[in-house]
Amino acid sequence: MKTYRYEQNPLITPKDVKPFHEGFDVIGAFNAGVAVYGDEILMLLRVAERPISPDPDLVLAPVFNPDRGAVDLVEIRKDDVRYDFSDPRVIRDVTVTSGFAYLTSLSYIRIARSRDGRHFTVDDQPFVYPSQQLESFGIEDPRVTQIGDTYYIYFSAVSPVGIGESMVSTKDFVSVVHHGMIFGPDNKDVLIFPEKVNGKYYALHRPTVKSIGYPEIWIAESDNLLYWGNHKHLAGLREGMWDSGRIGGGAVPFRTEKGWLELYHGATKEHRYCMGALLLDLDDPSKVIARSGVPVLEPVADYERNGFFGDVVFSCGAIVEGDTVKMYYGVADTSMACAELSLQEILDSLVYL
Ligand code: MAN
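Since the model is a prediction, treat every value here as computed from it, not as a measurement.

**Side note on the overall build of the protein chain**
- Helices and strands together make up the secondary structure of the protein chain, namely 2 helices and 27 strands.
- In terms of overall dimensions, the protein chain is globule-like: its C-alpha atoms have a radius of gyration of 19 Å, near the 20 Å expected for 353 residues.
- Taken along the three principal axes of its C-alpha coordinates, the protein chain extends 60 × 45 × 40 Å.
- A buried classification covers 57% of the 353 residues belonging to the protein chain.
- Counting contacts in the protein chain only where the partners sit at least 6 residues apart, residues at least 24 apart contribute 51% of the total.
- On the protein chain, roughly 14,900 Å² of surface is accessible, and the fraction owed to carbon and sulfur atoms is 50%.

And the structure:
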């Protein structure tokens, strides 16, 4: 399959984003949801900021404190044997069952705007920022579904009690209505379909089950976008393949003549993240018609292979124009990039079940 990566890649890097917090570095501007608003293309960036430690033996963990409306810094000594710092994204506590203590950075959502889809300007201020206890470790990986003149934006809300998916909506990307948590913990990678199918809204979601099961894609229905039911298991891991470790929805599903096309991410157990596609029945999206045998996009470019967390391509949104699928995607948990793919070539590449 031909993939055309923009010459301007990476389109946005952490250097393009001024830190919002004093004494922090921007370490990531990635995994952006995408929206077309007026004559602009918006990327809703996940911006990750990390406190700069004054002491090399000390790690500072950022925690949003809703009572103060500001970020507290928790000091952890690097030689403290209770903690494991081997994963750059998280600080693990080896003495507790979950193994989790803190994230190393705090994420929020910031808008980058463009007219040509290649050159973006980043807003000075955050667009959606943590505002409550369930977001005290940050908000991550936004996706945007436009229904009529309303844009629904949903994201992972991370806190010590778990990761769930919360939703806000906007009509103008200025004022925001908060709708609360729509999928309880542990859940990520929610993707709301852009129109009703047989009278119901549909959403993909990805529970991270802890007792029985795996991190796989589910589908649910709703009458109102807020209360979701009739959950069904949609797609699973595939042993020995590129999506054997974890999978989750990626870009907002879009209608094609053959079915709903979902660009999803799949990772190996070694955390190499690729993008592939699922084709779902137009009248019943809980039925999988076809699926990628091999990825439609793999991390091969330098900016995809190297970064804060390398070997990652992770799309949260695409813009489809005729046969052209402009897939925007986060690279190496660091920056944003875009690649154009042919819709026909994606459909032709699928393995029909
Ligand atoms: C994983 C990664 C991180 C993310 C945390 C919490 O460790 O996806 O990027 O910050 O989960 O969501």
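Still to come is the rest of the account.
**Focus on the sheet that holds strand E1 (residues 4-5)**
- With respect to topology, 4 strands assemble into an open sheet ordered E1-E26-E25-E24, the strand pairing being antiparallel. At either margin of the open sheet sits one strand with a lone partner, and together these are E1 and strand E24 (313-321).
- Where strand E25 (residues 324-331) and strand E26 (residues 335-342) come together, 8 bridges link them in antiparallel fashion. Bridge pairing in E26 places valine 325 opposite leucine 341.

**Description of the site of the ligand**
- Arg46, Arg89, Leu103, Glu140, Val158, Ile163 and Lys188 make up every residue found near the ligand.
- For the ligand, an oxygen atom lies 2.6 Å from a polar atom in the side chain of glutamate 140.
- In the complex, the protein chains occlude 81% of the 310 Å² of accessible area that the ligand would expose alone.

**Quick look at the pairing of strand E9 (residues 106-114)**
- Buried residues dominate E9, accounting for 8 of its 9 residues.
- Sheet topology places strand E3 (residues 40-51) next to E9; 9 bridges connect them, and they run antiparallel. Bridge pairing in E9 places arginine 46 opposite isoleucine 109.
- Here E9 runs beside strand E10 (residues 121-122); their pairing, made up of 2 bridges, is antiparallel. Note on E10: the bridge partner recorded for arginine 113 is threonine 121.

The rules behind the values
- Residues numbered from 1 in each chain as written.
- Predicted model: local features only at pLDDT ≥ 70, side-chain atom pairs only at ≥ 80, totals over all residues.
- Heavy atoms only, no water.
- Helix = DSSP H or I, 4+ residues; strand = E, 2+ residues; numbered from the N terminus.
- Rg over C-alpha atoms; globule rule 2.2 N^0.38 Å.
- Buried < 20%, exposed > 50% of the residue type's maximum accessible area, 1.4 Å probe, protein only.
- Contact = heavy atoms within 4.5 Å.
- Areas by Shrake-Rupley, 256 points an atom, 1.4 Å probe, with all protein chains shown as cover.
- Pairing = 2+ DSSP bridges.
- Near = heavy atom within 4 Å.
- Polar contact = N/O pair within 3.5 Å; in protein donor to acceptor, adjacent residues only side chain to side chain.

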